[in-house]
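What follows is each chain in one-letter form.
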Amino acid sequence: MASSVQNNRSSPAGFVYNCMCCKVCNRVCFRAFKWIPVLLIISIVTWSYYAYVIQLCIFTIESTVQKCVYLVIFHILLIMFAWSYWRTIFAEIQPVPDKYKLPERELEKLLSAESEEAQRNILESFASDLPIVTRTMSGSVRYCNRCVLVKPDRAHHCSICARCVLKMDHHCPWVNNCVCYFNYKFFMLFLGYALLYCLFIMATCLPYFIRFWKIYQEYKHAHCDRLTQNGTIISKQCMDMLNGEFGSAANAGRYHIVFAFFVSMMFAISLGSLFGYHCYLVANNRTTLEAFRAPMFRGGADKNGFSMGVYNNFKEVFGNSPNLWMVPVFTSLGNGCDFPVRREHQLQTFTTQEAHGYESMGTTRSSFGDGIVYPLPRQDEDTESLLSSERWERWGERAQPYDERESSSYDEL
């Protein structure tokens, strides 16, 4: 009996210990699994180095000058590509500044609020001193329940990283990181140099691919393959082919070169489309999320709300120094929290009462200090609710603030 009681007493502790071990094991396995795409890219690049440098440049190309030129250009592109890829993966993603996080006192007030309007007023009051111009679909302040903070403009919550990310573009499995304000320039350079790397390999391998194809056709036309299989005495032409271009060593190298041509062509096609799309986004100062859903301002949705012209949009990502545009060092303008916006969206910071006063008149004041009052399109605030049907356990049965649709699948890409 005593032994049974002792076992019953010890079993809950053992169960908890086993559960903790399972959670830790699952967490480690998940983190390791996320590195598989990165390791795949590294393995392909490593193989391409062997195929191009060893099999093509050293064993196949006969001209010394041609070898040197190809090797120099290849290694320059490879270094810039690898450097950009490294910076994209291991860029330090800074957290949202503390001024956007709700203090304990404000959080308690938010939790204890009895109505949706009270919650809206609390968030509006807290955000009155923050440099934010974007809103939710209903016009309320963008708020993240999981991080307990007011979202800066263009920031979104990433479910994979489990945090809010400044100027989030998307979460990319090929770099195992969020593409955002802190590494978007590196990501663009990574795409650009990877495209050039593939195009260079494809262009320089093409003549040898054509040459190997012609030799193979001659080999088939002479029926060397059939003669070899049947054990028939083969001609001098076949013997020359087998001892030369179709010898065992040359045969293996030829397949590496041909395969490098096809792999580089496939990657060049996919990288070209992706790089072109992101060039379009840079030119219009949009993120991938904003391309799917235009940012919402007080005056309504505007897909070009952050666009300041193609050249200024380019400099916002790549910086003011042309000498560093093509180098993977951080030169992006701003701080990732507030961005230049078009004049009609530039709002002066008001208190909650002043903001409601101007909204009730259907007008807003310019942030240029010129005293001009600009018309503000009216919106029916009652058509959409600040609250969502999604329930968070930690809010209990009380009304909870919810950043409507801001936690949709778009934010969690």
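Data block above holds the structure.
Residues numbered from 1 in each chain as written. Predicted model: local features only at pLDDT ≥ 70, side-chain atom pairs only at ≥ 80, totals over all residues. Heavy atoms only, no water.

### Brief notes about the overall build of the protein chain
As a reminder of what qualifies: Working definition: helices are DSSP H or I runs of at least four residues, strands are E runs of at least two. Numbering for both runs from the N terminus. Burial here depends on accessible area, computed with a 1.4 Å probe over protein chains only, as a share of the maximum for the residue type. Under 20% is buried, over 50% is exposed, and the range in between is partly exposed. Contact definition: two residues touch when any of their heavy atoms are within 4.5 Å. Using the Shrake-Rupley algorithm and a 1.4 Å probe, accessible areas are obtained, with residue cover drawn only from the displayed protein chains.
Counting its secondary structure elements, the protein chain contains 12 helices and 10 strands. Every one of the 413 residues in the protein chain was classed for burial, and the buried ones make up 44%. Counted over contacts in the protein chain with a minimum sequence separation of 6, partners at least 24 positions apart contribute 63%. For the protein chain, the computed accessible surface area is about 22200 Å², with 62% contributed by carbon and sulfur atoms.

### Digging into the pattern of salt bridges
Rules: For this document, the term salt bridge refers to a Lys or Arg side-chain nitrogen within 4 Å of an Asp or Glu carboxyl oxygen.
The tally for this structure, following the rule as stated, stands at 9 salt bridges. Where R135 meets E124, a salt bridge forms, and the shortest distance between an N and an O atom there is 3.9 Å. With R135 in the loop between helix 5 (116-126) and strand 1 (143-144) and E124 in helix 5, this pair connects stretches of sequence that are 11 residues apart. Note on accessibility: R135 and E124 belong to one class, buried. Within this structure, R154, K167, E290 and E316 form a network of salt bridges that share partners.

### Examining the side chain of T331
Under the convention used in this document: Here a polar contact means two N or O atoms within 3.5 Å. Within protein one must be a hydrogen donor candidate and the other an acceptor candidate, and residues neighboring in sequence count only if both atoms are side-chain atoms.
Within the fold, T331 resides in the loop between helix 11 (310-318) and helix 12 (352-360). Here T331 falls in the buried class, since its relative accessible area comes to 16%. Polar side-chain contacts of T331 include one of 2.8 Å to the side chain of K185. Polar contacts involving the side chain of T331 include one to the main-chain carbonyl oxygen of F318, which spans 2.6 Å. Setting aside residues up to four positions removed in sequence, T331 forms contacts with K185, V317, F318, G319 and L324.

### Observations concerning the packing of helix 2 (residues 36-58) against helix 3 (residues 64-90)
Formally: To define axes, lines are fitted to C-alpha atoms, for helices over the stretch in contact only, and angles between the resulting N-to-C directions are given on a 0 to 180 degree scale. Any angle that is under 35 degrees is reported as roughly parallel, and any over 145 degrees as roughly antiparallel; angles of 65 to 115 degrees are reported as roughly perpendicular and all others as oblique. Residue polarity is assigned by list, with Asp, Glu, Lys and Arg as charged and Ala, Val, Leu, Ile, Met, Phe, Trp, Tyr, Cys and Pro as nonpolar; anything else, Gly included, falls into the polar class.
Running from amino to carboxyl end, helix 2 crosses helix 3 at an angle of 170 degrees, the nearest separation of the two axes being 11 Å. Here helix 3 runs roughly antiparallel to helix 2, going by the angle between their axes. For the pair helix 2 and helix 3, contact is made by V38, I41, V45, Y49, Y52, V53, C57 and I58 and by K67, Y70, L71, F74, H75, L78, F81, Y85 and I89, respectively. Its residues assigned to classes, the contact of helix 2 with helix 3 comprises 15 nonpolar, 1 polar and 1 charged.

### Observations concerning the nonpolar core
Applicable threshold: Residue types Ala, Val, Leu, Ile, Met, Phe, Trp, Tyr and Cys, when buried and joined through side-chain atoms within 4.5 Å, form a set referred to as a nonpolar core.
Of all hydrophobic cores here, the largest spans 49 residues; its most connected members are Y52, F74, Y184 and F190. When residues in this core are grouped by element, the largest group, 18 residues, is from helix 6 (residues 184-221). Listed in part, the 37 residues of the second largest apolar core include Y143, C144, F182 and C337.

### Some words on the environment of I42
Residue position: I42 is located in helix 2. Spatially, the C-alpha atom of I42 lies 9.3 Å from that of A82, the residues being 40 residues apart in sequence.

### Considerations on unusual backbone geometry
Not every positive phi belongs to a glycine, and R154 is a case in point at roughly 70 degrees. Of note, R154 is situated in the loop between strand 2 (149-150) and strand 3 (156-158). Judged by its relative accessible area of 3%, R154 falls in the buried class. If you check the backbone angles, A162 has positive phi at about 60 degrees while not being a glycine. You can see A162 is positioned in the loop between strand 3 and strand 4 (163-165).

### Section: the packing of aromatic side chains
The geometry of two aromatic rings is summed up by the distance between their centres and the angle between their planes. To be explicit about the condition: Two aromatic rings, drawn from Phe, Tyr or Trp (for Trp, its six-membered ring), form a pair once their centres lie within 6.5 Å of each other, and the interplanar angle then sorts them: stacked below 30 degrees, edge-to-face above 60, tilted otherwise. Our definition puts a charge over a ring when NZ of Lys or CZ of Arg is within 6 Å of the ring centre and also within 35 degrees of the ring normal.
Per the stated rule, a full pass over the model turns up 23 aromatic pairs. On the basis of an interplanar angle of 50 degrees and a centroid distance of 5.4 Å, the ring pair of F297 and F306 is categorised as tilted. Across the pair, exposure class does not vary: F297 and F306 are buried alike. Site record: aromatic cluster; members linked through ring pairs are Y49, Y52, Y70, F74, F81, Y85, Y184, F187, F190, Y197 and F200. Sitting above the plane of the F339 ring, R154 keeps its charged end 5.0 Å from the centroid. Seen from the ring of Y255, R254 lies directly overhead, with NZ or CZ sitting 4.8 Å from the centre.

### A few points about the packing of helix 4 (residues 104-112) against helix 5
Stated formally: A crossing counts as left-handed when the near helix is turned anticlockwise from the far one by less than a right angle, and as right-handed when that turn is clockwise.
Look at helix 4 against helix 5: their axes get within 9 Å of each other, and the N-to-C directions meet at 160 degrees. Classified by the angle their axes make, helix 4 and helix 5 are roughly antiparallel. In terms of crossing hand, the pair formed by helix 4 and helix 5 is left-handed. Together, E106, K109 and L110 of helix 4 and Q119, I122, L123 and F126 of helix 5 make up the contact between the two elements. Residue composition of the contact of helix 4 with helix 5, grouped by class: 4 nonpolar, 1 polar and 2 charged.

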